[in-house]
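Read off the chains here:
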Amino acid sequence: QLARIQTDSVVATLRELYPDLRFEIAVAMATTGDKILDTALSKIGEKSLFTKELENALERNEVDLVVHSLKDLPTSLPPGFTIGAVCRRENPLDAVVFHPKNCGKTLSLLPEKSVIGTSSLRRAAQLKKKFPQLEFRDIRGNLNTRLKKLEEKEDFSAIVLAAAGLKRMGWESRIGQLLGPEDCLYAVGQGALAVEVRANDHEILNMVSALHDADTVLRCIAERAFMKRLEGGCSVPVAVSTTLEDGQLYLTGAVYSLDGSDSLKETMQTGVSYPHQNEDGPNDDVQRVGITAKNVPGRAQEAAESLGVELANLLLSKGAKHILSVARQLNDAR
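Reading guide: rules and limits
Residues numbered from 1 in each chain as written. Predicted model: local features only at pLDDT ≥ 70, side-chain atom pairs only at ≥ 80, totals over all residues. Heavy atoms only, no water. Helix = DSSP H or I, 4+ residues; strand = E, 2+ residues; numbered from the N terminus. Buried < 20%, exposed > 50% of the residue type's maximum accessible area, 1.4 Å probe, protein only. Contact = heavy atoms within 4.5 Å. Areas by Shrake-Rupley, 256 points an atom, 1.4 Å probe, with all protein chains shown as cover. Salt bridge = Lys/Arg side-chain N within 4 Å of Asp/Glu carboxyl O. Pairing = 2+ DSSP bridges. Axes fitted to C-alpha atoms, helices over the stretch in contact; angles between N-to-C directions. 1 Å grid on protein atoms, 1.4 Å probe; cavity = no way out; pocket = protein on both sides within 12 Å on 5 of 7 lines; lining within 4 Å. Points joined across faces, edges and corners; volume = space filled by probe spheres on them. Nonpolar A, V, L, I, M, F, W, Y, C, P; charged D, E, K, R; others polar. Core = buried A, V, L, I, M, F, W, Y, C linked by side-chain atoms within 4.5 Å. Polar contact = N/O pair within 3.5 Å; in protein donor to acceptor, adjacent residues only side chain to side chain.

All right, on to the overall build of the protein chain then. Across its full length, the protein chain holds eleven helices and eleven strands. Considering the protein chain as a whole, with its 334 residues, one finds that 52% of them fall into the buried category. Taking all contacts inside the protein chain whose residues are at least 6 apart in sequence as the whole, residues at least 24 apart take part in 71%. When the accessible surface of the protein chain is totalled, it reaches about 15,500 Å², and 47% of it is carbon and sulfur.

Structural data, given as structure tokens:
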């Protein structure tokens with residue numbers, strides 16, 4: 001349902017921009033990540049968990065563009081594909097939805113040993129550190145399934161979800177607590193929608209590039225470059241927060257052990273205020289961490305990418321590799 005809502009919203013914008021074109025939405029497809037619901041995401045070990053089947057359809061020319069949650073897309077796409085648009089970001093924060101019996105509470109007010117559901121190592125690691133009195137347990141399924149599990153059973157006192165998904169579904173009123181960056185840094189690309197296209201289909205690429213939101217593009221390039229340099233994925237706890245103010249891009253990045261007891265966190269910034277020069281020619285279709293952003297100044301994109309790499313290098317110099325490799329081994333052994 002959420003995937004359909006997200007696709008409909010992108011197509012509605014395209015129809016406004018190109019009233020003469022006809023857009024047809026193909027039947028939604030189930031992906032590996034949708035089908036395997038009895039295993040933690042971090043254990044399936046498939047990099048393109050929510051994307052491979054959709055990319056196959058792109059490759060066969062059955063579809064011309066695919067709408068994803070950007071956080072589901074790996075930082076390196078398979079050859080022949082690119083993210084042709086990154087739409088304006090919805091609230092990237094995590095949100096807590098409480099069991100009806102805990103209505104009006106916050107995580108800090110829940111009784112000791114209360115069980116919180118999340119399928120994210122990143123959320124669990126940060127919240128274990130912040131709320132050591134609580135227990136965290138895996139919960140899988142789409143938004144509807146997870147909310148149903150919360151309400152109909154007594155297994156969970158609350159579950160943690162992306163605020164963006166709840167808002168898009170029209171369920172903002174279900175949010176009992178928003179977790180700010182001081183409580184829980186978010187996932188790379190969280191809250192942003194990506195439109196994946198064939199990299200050599202210039203007609204489609206030009207068409208969807210009108211959907212790019214420049215601020216979101218720069219923030220997400222920095223976040224994805226940080227993740228790529230760390231070689232992070234859903235099997236290790238890597239988290240970020242970004243802001244763009246007065247031409248300055250700020251990136252906070254962190255890595256955690258599985259229980260949150262060991263962590264590294266730093267913030268860096270860079271200037272991204274560059275005029276849009278006419279950059280036609282060989283650099284016109286440069287991909288940065290899988291994103292082709294034709295209408296965003298190339299130098300600004302370059303600065304954002306460098307910021308992510310430099311912040312990752314700083315954490316690596318302080319021992320991030322050890323924290324992540326231990327987290328990966330422990331997760332594999334679970």
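Summed over all chains, the structure comprises 15 salt bridges. Where Asp94 meets Arg122, a salt bridge forms, and the shortest distance between an N and an O atom there is 2.8 Å. Of this pair, Asp94 sits in strand E3 (residues 94-98) while Arg122 sits in helix H5 (residues 121-130), placing them 28 residues apart in sequence. Residue Asp94 shares its accessibility class with Arg122, and that shared class is buried. One salt bridge connects Glu305 with Arg288, and the closest N-O pair in it is separated by 2.9 Å. Remark: Arg288 occurs in the loop between strand E11 (263-271) and helix H10 (298-317) and Glu305 occurs in helix H10; sequence separation between them is 17 residues. Residue classification places Arg288 among the buried residues on the basis of a relative accessible area of 14%.

Our focus in this paragraph is the sheet that holds strand E2 (residues 81-86). Taken together, the three strands give an open sheet; going across it, the order is E1-E8-E2, and neighbouring strands pair in antiparallel fashion. The open sheet has two edge strands with one neighbour each: strand E1 (66-69) and E2. Here the strands of the sheet are splayed against their neighbours by 40° on average, with no regard to which way each runs. Packing against the sheet, helix H1 (residues 2-17) makes contact with E1 and strand E8 (193-198), and its axis sits at approximately 125° to E1.

Attention now goes to the layout of surface pockets. In this structure, the second largest pocket encloses a volume near 220 Å³. If you trace the second largest pocket, you find it lined by Ser9, Val10, Thr13, Cys87, Arg88, Arg89, Glu90, Arg168, Leu193, Ala210 and Leu211. Per-element tally for the lining of the second largest pocket: the top contributor is H1, with three residues. Split by residue class, the lining of the second largest pocket holds five nonpolar, two polar and four charged.

The next subject is the nonpolar core. In this structure, Leu70, Ile83, Phe226, Leu230, Val238 and Val255 are the most contacted members of the largest nonpolar core, which totals 50 residues. Mapped by element, the contributors of at least two residues to this core are helix H4 (52-59), E2, helix H9 (214-230), strand E9 (238-245), strand E10 (248-256), H10 and helix H11 (320-333). Not counting chain neighbours up to four residues away, the residues in contact with Val255 comprise Leu230, Pro237, Val238, Asp262, Ser263, Leu264, Leu315, Ala320, Ile323 and Leu324. Within the second largest apolar cluster, 16 residues are counted, among which are Val11, Phe23, Ala85 and Leu205.

To continue, consider the pairing of E10. Burial runs high along E10: seven of the nine residues are buried. As judged from the eight bridges shared by E9 and E10, these two strands associate in the antiparallel manner. Opposite Leu244, over in E10, you have Leu249 as the bridge partner. Note: E10 against E11, nine bridges, orientation antiparallel. Along E11, the bridge assignment pairs Tyr256 with Ser263. Where E10 folds back on E11, the antiparallel hairpin that results is connected by six residues, among which Gly260 adopts a positive phi of roughly 80°.

What follows deals with unusual backbone geometry. Residue Asn61 is not a glycine yet carries a positive backbone phi of 60°. Take Asn61: it is sitting in the loop between H4 and E1. The backbone of Val289 shows a phi angle near 40°, a positive value even though the residue is not glycine. Relative to the elements of secondary structure, Val289 occurs in the loop between E11 and H10. Under the relative-accessibility criterion, Val289 is labelled buried at 5%.

A separate point is H5. Most of H5 sits inside the fold, with seven of its ten residues counted as buried. Those residues of H5 not exposed but buried are Leu121, Arg122, Arg123, Ala124, Ala125, Gln126 and Leu127. Structurally, the start of H5 carries an N-cap: the backbone nitrogen of Arg122 is 3.2 Å from a side-chain oxygen of Ser120.

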